[in-house]
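Inside the fold
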Amino acid sequence: MVSYRSFCFEAERPGLSFLSSGFEMLVHFVTDEPTKIPAIRAMLEPRYHVVPQLLGGGDTQISSNGVLVVDADLRKAVRVEQIRLVLQELSCVPEKLFVVQNHVRSMVAQAYALGATAVVSRPREIIFKLAQIEVVEKAAQTDLAIASPEIKESAAAFASMFSAIRGAKPIKLSDAEHGTSQIISSIAQNGLCAWLDDVRRYHEGTFQHCLLVTGVAVGFALDIGLAGPDVERLGMAATLHDIGKARIPLSILDKPGRLDPGEEDIMRRHPVIGYDLLKDISGISPEILDGVRHHHEYLDGSGYPDALMAPEISDPLRLLTISDIFAALIESRPYRPAMSRQNAYNILCGMDGKLERSLVKAFRNVALVA
Ligand SMILES: [Fe+2]
Ligand SMILES: [Fe+2]
């Protein structure tokens, strides 16, 4: 499995591969104690490439790959704030290890609150953790090497957009257009089944979801015979529909299992966030903005964020909502198996009143056959 955060790195530094001989995994070492830097270097180099950073000592070297190791006194508020800023800069780095004295429970909690993915009590344990991560990353890169060019290119386009948003940079509409056109050509040539299987094998999390929704929406549009420009517009709306999730904390976005009510409330902001991120981009069509803001609306007014009723919900939006729900149900997650397409379609059929019945009926061919 390749996470979208791994792809951030691929997108920014094309051609650099874990598979090349002599690759050293990056270790961003963040500390408040200068004497710890030579110690960690002595322990990890030359197997890993250590990039040290002293808290409060200058700019963070932006990266989206490797592992972040934080060894600092979390009892000091000023340190916690400095770490928070560094973590924002390195939000694309997937693994965050914190070195915390085992007996100080409050610091362990603080580390996880800051976004730690693992806590170790002694620097020596870092070696073991890094070796585990390295194995997983290399396996992911092997998967990436055999993925189709359309998947690689569309995933790189998603990575570029998410990375831009997380880094407070402008989104390039050309990324979305390129990613969408790759998906359209792949599905037109190889069909939806191949796309769904490949995406679920090579991606996870939000990237997998966006690639699946776009594939399903494009497959749906082609199946019912929409004209080329309409397919492209629907594909673009699907590509961008969850772009607002780039501003949702990863602890919520990637949380296994159910969100609590507070987290759910934050998650439900993503359509408006996405709309606000895109609304001033020149050349973006009203239909795409409508899809981004309103893909969680239902015909009976029970959706969000604007509780629209049926007359306010356009046909393309109805197609997008069906595609979004179906794709979410058939996603493969590390903590639960993918639902069968038949079961997912049965759930759509049970949402009478919320989704347009005739479109759900038309979607049967896409859901079960295409
Ligand atoms: Fe969404
Ligand atoms: Fe979605």
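Up top is the structure.
Residues numbered from 1 in each chain as written. Chains lettered and ligands numbered in written order. Predicted model: local features only at pLDDT ≥ 70, side-chain atom pairs only at ≥ 80, totals over all residues. Heavy atoms only, no water.

Our next topic: the coordination of the iron ion (ligand 1). Listed as protein donors to the iron ion (ligand 1) are Asp242 (OD), His270 (NE2), His295 (NE2) and His296 (NE2); their distances from the metal cover 2.1 to 2.3 Å. One can describe the donor arrangement at the iron ion (ligand 1) as irregular, given that its four donor atoms subtend angles of 83 to 173° at the metal. For the iron ion (ligand 1), the single-chain donor residues occur in sequence as D-x27-H-x24-H-H. In this structure, the iron ion (ligand 1) is positioned 3.3 Å from the iron ion (ligand 2), and both are ligated by aspartate 242. Taken together, the residues histidine 270 in helix α13 (residues 270-278) and histidine 296 in the loop between α14 (286-294) and α15 (315-330) connect sequence positions 26 residues apart. On the accessibility criterion, histidine 270 (2% relative accessible area) is buried. (Donors = N, O, S within 2.8 Å, 3.2 Å for Na, K, Ca; no water. Tetrahedral: all angles 85-135°; square planar, octahedral: opposite > 155°, others 65-115°. Helix = DSSP H or I, 4+ residues; strand = E, 2+ residues; numbered from the N terminus. Buried < 20%, exposed > 50% of the residue type's maximum accessible area, 1.4 Å probe, protein only.)

All right, on to the nonpolar core then. With 63 residues, the main nonpolar core has Leu240, Leu348 and Phe363 as its most contacted residues. Looking at this core, the element that brings in the most residues is helix α9 (residues 205-223), giving ten residues. Once residues within four sequence positions are removed from consideration, phenylalanine 363 is found in contact with Val216, Phe220, Ile322, Phe326, Tyr345 and Leu348. Counting residues in each nonpolar core, the second largest holds 19 residues, with Leu55, Val80, Val100 and Val108 among its members. (Core = buried A, V, L, I, M, F, W, Y, C linked by side-chain atoms within 4.5 Å. Contact = heavy atoms within 4.5 Å.)

Further remarks concern the sheet that holds strand β1 (residues 26-31). Taking strand neighbours across the sheet as the criterion, the five strands line up as β2-β1-β3-β4-β5 in an open arrangement whose pairing is parallel. Edge positions in the sheet fall to β2 (49-54) and β5 (118-120), since each of these pairs with one other strand and no more. Strand-to-strand twist across the sheet, computed as the mean angle between neighbouring axes with direction ignored, equals 20°. Direction of pairing for β1 relative to strand β3 (residues 67-71): parallel, over a ladder of five bridges. (Pairing = 2+ DSSP bridges. Axes fitted to C-alpha atoms, helices over the stretch in contact; angles between N-to-C directions.)

A separate point is the coordination of the iron ion (ligand 2). Here the iron ion (ligand 2) is held by His209 (NE2), His241 (NE2), Asp242 (OD) and Asp324 (OD), and the distances to it run 2.1 to 2.3 Å. Taken together, the four donor atoms coordinating the iron ion (ligand 2) span angles of 81 to 166° at the metal, a pattern that classifies the geometry as irregular. Along the chain, the residues donating to the iron ion (ligand 2) are arranged with the sequence spacing H-x31-H-D-x81-D.

For the structure shown, the criterion picks out two aromatic pairs. Through pairs of rings, three or more aromatic residues link up here, namely Phe220, Phe326 and Phe363. (Phe/Tyr/Trp six-rings, centres within 6.5 Å; stacked < 30°, edge-to-face > 60°.)

Turning our attention to the packing of α13 against α14. Running from N to C, α13 and α14 point in directions that differ by 155°, and their axes come no closer than 7 Å. On the basis of their axis angle, the class for α13 and α14 is roughly antiparallel. Touching Pro271, Val272, Gly274, Tyr275 and Leu278 of α13 are Leu289, Val292 and Arg293, all from α14. Of the residues in the contact of α13 with α14, the class split is six nonpolar, one polar and one charged. (Parallel < 35°, antiparallel > 145°, perpendicular 65-115°, else oblique. Nonpolar A, V, L, I, M, F, W, Y, C, P; charged D, E, K, R; others polar.)

Let us now look at the pairing of β3. The buried count for β3 comes to five of five residues, which makes it a mostly enclosed element. Neither face of β3 is left uncovered, since the one carrying Val67, Val69 and Asp71 and the one carrying Leu68 and Val70 both have all their residues buried. The pairing of β3 with strand β4 (residues 95-99) spans four bridges and is parallel. In the strand pairing of β4, valine 70 is matched with phenylalanine 98.

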